[in-house]
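Geometric and topological summary
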Amino acid sequence: MKQGPLAVVGASVLWGTAGTAGLLVSADSVALAAARLIIGGAVLALFAGRAVRRSVSPATLLAAAAVAAYQLCFFAAVGRTGVAVGTVVAIGSGPVFTGLLSWALHRERPSGRWALATAAAIAGCAALIAGGGAEAGGPGGQMVAGVLLALLGGLVYAFYAVCAARVIAKGAPSDGVMGVLFGGAAVIMLPVLLWRGAGWLGEPKALLAVLYLGLASTALSYVLYGRGLRTTPVATASTLALAEPAVAALLGLVVLGERLAPVSWAGLALLAVGLVVVALPDRRFRRGAPEAPATPGDPAVPEPVSSTPGDPVVPEPVSSMPGDPRRA
């Protein structure tokens, strides 16, 4: 497996810890999402430095608003459905929305292997919901509202993933793109945090949890994700991100005492199979082959050709960001 998919999986593992860390804080979901983004976004923007200037565009600014929206949807959904179900729905719907958006916006049809692997992974997510929904969620109305919020989060996650991957494919530095997305989202969320109140950050446990959410599950994870997108097609990356709900489900089981039925364990296994299939290199493509333009008339992408299959941001064999999160 190349380093690109490994970087995406590493980011997904960090994202998978966000829901559990968030539930350890007594703050409401809006204030928590705002604090996480302000910390993580500021770090990402500082890390990118001057590359931020080269990455500012209407697409990245719109994607920054989507990042903020995803965080709000994700934590609101998790608060209603539980960590396992909320994370599974938000991220499990991501590959579907990503593939559809790439197809609709850029005429990039997903490959057959990507479709099969994604179908297997989503089936695993569905099994997780079937086996864990009764225990993890609250009342029926809360569960329905939480699932709808998680689906909305999956849609905006797919939108900013496609936007980010597209800009990176055209030559923008990945660190700069992530700096714009999350630095912009931090600016958007700062007045939200002031409105909701930040007094809860005076609690040591809450402060530590938010620092972890901002530094690890946001800043570090999206550095990894952006670099993974350099050589990983966006639809493939979105499917690899389904490692997040598996991690979230296991943490919900071990840390929060959420119970998983046997069908949920089967779902985790099916999810793992889908991730492995989509991450395997595609030997049809010769490493170092010349790259094709992203769309008719677009310049070739100045990145190595990916050997990973999937629906690239640029037509195959060229390769090209959640979750909510995202999973914010």
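Residues numbered from 1 in each chain as written. Predicted model: local features only at pLDDT ≥ 70, side-chain atom pairs only at ≥ 80, totals over all residues. Heavy atoms only, no water.

Comments concerning the pattern of salt bridges
Overall, the coordinates contain two salt bridges when judged by the stated rule. Asp 28 is the partner of Arg 196 in a salt bridge, and the nearest nitrogen-oxygen pair spans 3.3 Å. Placement of the pair is Arg 196 in helix H10 (residues 174-196) and Asp 28 in the loop between helix H2 (18-23) and helix H3 (29-48), with a sequence separation of 168 residues. Among the residues examined, Asp 28 registers a relative accessible area of 31% and is labelled partly exposed. Residue Arg 227 pairs with Asp 175 through a salt bridge whose shortest N-O separation is 2.8 Å. Of the two residues, Arg 227 sits in helix H11 (residues 204-228) while Asp 175 sits in helix H10, which places them 52 residues apart along the sequence. In this structure Asp 175 comes out as buried when scored by relative accessible area, which is 15%. (Salt bridge = Lys/Arg side-chain N within 4 Å of Asp/Glu carboxyl O. Helix = DSSP H or I, 4+ residues; strand = E, 2+ residues; numbered from the N terminus. Buried < 20%, exposed > 50% of the residue type's maximum accessible area, 1.4 Å probe, protein only.)

Some words on the packing of aromatic side chains
Aromatic ring pairs are defined here through the distance separating the ring centres and the angle between the ring planes. Tallying each qualifying case throughout the model produces 11 aromatic pairs. Their ring planes at 85 degrees and their centres at 6.5 Å tell us that Tyr 160 and Phe 182 sit as a pair that is edge-to-face. Separated by 22 residues along the polypeptide, Tyr 160 in helix H9 (residues 140-169) and Phe 182 in helix H10 bring together distant segments of the chain. Assessed through its relative accessible area of 0%, Phe 182 is described here as buried. (Phe/Tyr/Trp six-rings, centres within 6.5 Å; stacked < 30°, edge-to-face > 60°.)

Re helix H13 (residues 243-254)
Under the 1.5 Å per step criterion, the end-to-end length of H13 is 17 Å for 12 residues, consistent within 8% with the ideal 16 Å. By the burial criterion, the buried members of H13 are Ala 243, Glu 244, Pro 245, Ala 246, Val 247, Ala 248, Ala 249 and Gly 252. (Expected span 1.5 Å × (residues − 1).)

Side note on the packing of helix H1 (residues 3-16) against H13
Running from N to C, H1 and H13 point in directions that differ by 35 degrees, and their axes come no closer than 7 Å. For H1 against H13, the interelement crossing comes out right-handed. Residues Ser 12, Val 13, Trp 15 and Gly 16 of H1 touch H13, and the partners they reach there are Ala 243, Glu 244, Val 247, Ala 248 and Leu 251. Split by residue class, the contact of H1 with H13 holds six nonpolar, two polar and one charged. (Axes fitted to C-alpha atoms, helices over the stretch in contact; angles between N-to-C directions. Left-handed = near helix turned anticlockwise from the far one by under 90°. Contact = heavy atoms within 4.5 Å. Nonpolar A, V, L, I, M, F, W, Y, C, P; charged D, E, K, R; others polar.)

Side note on the nonpolar core
The nonpolar side chains of a soluble globular protein tend to be buried with one another. In this structure, Tyr 160, Trp 200 and Tyr 225 are the most contacted members of the largest nonpolar core, which totals 70 residues. Counting residues per element, this core draws most heavily on H9, which supplies 11 residues. (Core = buried A, V, L, I, M, F, W, Y, C linked by side-chain atoms within 4.5 Å.)

Some points on H10
The end-to-end C-alpha distance of H10, which contains 23 residues, comes to 32 Å, matching closely the 33 Å that a straight helix rising 1.5 Å per residue would cover. Positive phi appears at Gly 197, one or two residues downstream of H10, with a value of about 100 degrees.

As for the environment of Ala 272
Locating Ala 272 in the fold gives a position in helix H14 (residues 262-279). As for Ala 272 and Leu 240, which are separated by 32 residues in sequence, their C-alpha atoms are 9.5 Å apart.

Some points on a nonpolar patch on the surface
Together, Val 43, Leu 207, Leu 208, Leu 211 and Leu 215 make up an exposed nonpolar region whose accessible area comes to about 400 Å². When residues of the nonpolar patch are assigned to their parent elements, the largest contribution, four residues, is made by H11. By secondary structure assignment, the location of Leu 207 is in helix H11. Judged by relative accessible area, Leu 207 falls into the partly exposed class, the value being 37%. (Patch = residues over 30% accessible without salt bridge, like charges linked within 9 Å, V, L, I, M, F, W, Y side chains within 5 Å. Areas by Shrake-Rupley, 256 points an atom, 1.4 Å probe, with all protein chains shown as cover.)

Some details on the environment of Thr 232
For Thr 232, the position within the fold is in the loop between H11 and helix H12 (234-240). Thr 232 gets classed as buried once you look at its relative accessible area, which sits at 0%. Along the chain, Thr 232 and Val 8 lie 224 residues apart, while their C-alpha atoms are 8.4 Å from each other. Reaching out from Thr 232, the side chain makes a polar contact with the backbone oxygen of Gly 228 at a distance of 2.8 Å. (Polar contact = N/O pair within 3.5 Å; in protein donor to acceptor, adjacent residues only side chain to side chain.)

Overview of the confidence of the model for the protein
Taken as a whole, the protein shows an average pLDDT of 76; of its residues, 76% reach a score of 70 or greater. Taken together, the stretch residues 134-139 has pLDDT below 50 and engages in nine contacts with residues farther than four places along the chain or on a different chain. Here residues 284-328 is modelled with pLDDT under 50, and outside its nearest four sequence neighbours on either side it reaches 168 contacts, counting other chains as well. (pLDDT = per-residue confidence, 0-100.)

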